[in-house]
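Residue-level listing of the chains:
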Amino acid sequence: MRFELYRDAGGEWRWRLRVQNGNVIADSAEGYARREDCEHGISLVKQSGAAPTVDMTTRIA
């Protein structure tokens, strides 16, 4: 897998996570004015490996 940093058509910074077969499995969903903020978003995703998985189908809405 790899994170890709790029600028969108509006000039904002974005990231996407691409797997070996070329598919994008995650993206920033928002543009960032500063590259540093976009890199921080990538850092947060990298740190989320310890986040628990919560089965929301068992929760009462």
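Calculation criteria
- Residues numbered from 1 in each chain as written.
- Predicted model: local features only at pLDDT ≥ 70, side-chain atom pairs only at ≥ 80, totals over all residues.
- Heavy atoms only, no water.
- Phe/Tyr/Trp six-rings, centres within 6.5 Å; stacked < 30°, edge-to-face > 60°.
- Helix = DSSP H or I, 4+ residues; strand = E, 2+ residues; numbered from the N terminus.
- Lys NZ or Arg CZ within 6 Å of the ring centre and 35° of its normal.
- Salt bridge = Lys/Arg side-chain N within 4 Å of Asp/Glu carboxyl O.
- Buried < 20%, exposed > 50% of the residue type's maximum accessible area, 1.4 Å probe, protein only.
- Core = buried A, V, L, I, M, F, W, Y, C linked by side-chain atoms within 4.5 Å.
- Contact = heavy atoms within 4.5 Å.
- Polar contact = N/O pair within 3.5 Å; in protein donor to acceptor, adjacent residues only side chain to side chain.
- Expected span 1.5 Å × (residues − 1).
- Arc of directions from axis to C-beta.

(A) Main features of the packing of aromatic side chains. Per the counting criterion, the structure on display carries 1 aromatic pair. A ring pair is formed by F3 and W15, whose centres lie 5.6 Å apart and whose planes are at 65 degrees; its orientation type is edge-to-face. Taken as a pair, F3 in strand β1 (residues 2-7) and W15 in strand β2 (residues 13-18) lie far apart in primary sequence, 12 residues in all. For the cation-ring pair, R16 lies above Y6, with the distance from its terminal atom to the ring centre recorded as 4.0 Å.

(B) Molecular detail of the pattern of salt bridges. According to the stated counting rule, one finds 6 salt bridges in the structure shown. Where E4 meets R2, a salt bridge forms, and the shortest distance between an N and an O atom there is 2.6 Å. What makes E4 buried here is its relative accessible area of 13%. The closest approach of N and O atoms between R18 and E4, which form a salt bridge, is 3.0 Å.

(C) Seen up close, the nonpolar core. In this structure, W13, W15, L17, Y32, C38 and I42 together form the largest nonpolar core, which totals 6 residues. At 3 residues, the largest contribution of residues to this core is made by β2. Apart from the residues within four sequence positions on either side, W15 is in contact with F3, E4, Y6, A26, D27, S28, Y32, C38, G41, I42 and V45.

(D) View of the environment of D8. Residue placement: D8 occurs in the loop between β1 and β2. A relative accessible area of 18% means that D8 is categorised as buried. Within the structure, D8 has its side chain in polar contact with the backbone nitrogen of E12 (distance 2.8 Å).

(E) Broad picture of helix α1 (residues 35-47). Its 13 residues place the ends of α1 19 Å apart at the C-alpha level, agreeing with the 18 Å of an ideal helix rising 1.5 Å per residue. Within the sequence span of α1, burial applies to C38, G41 and I42. When α1 is viewed along its axis, its buried side chains cluster within an angular range of 100 degrees and face the same direction. Exposed and oriented more than 90 degrees from the buried face of α1 are K46 and Q47. Contacts made by the buried residues of α1 are with β1 and β2.

So far we have only geometry, and geometry alone does not tell us how the molecule works.
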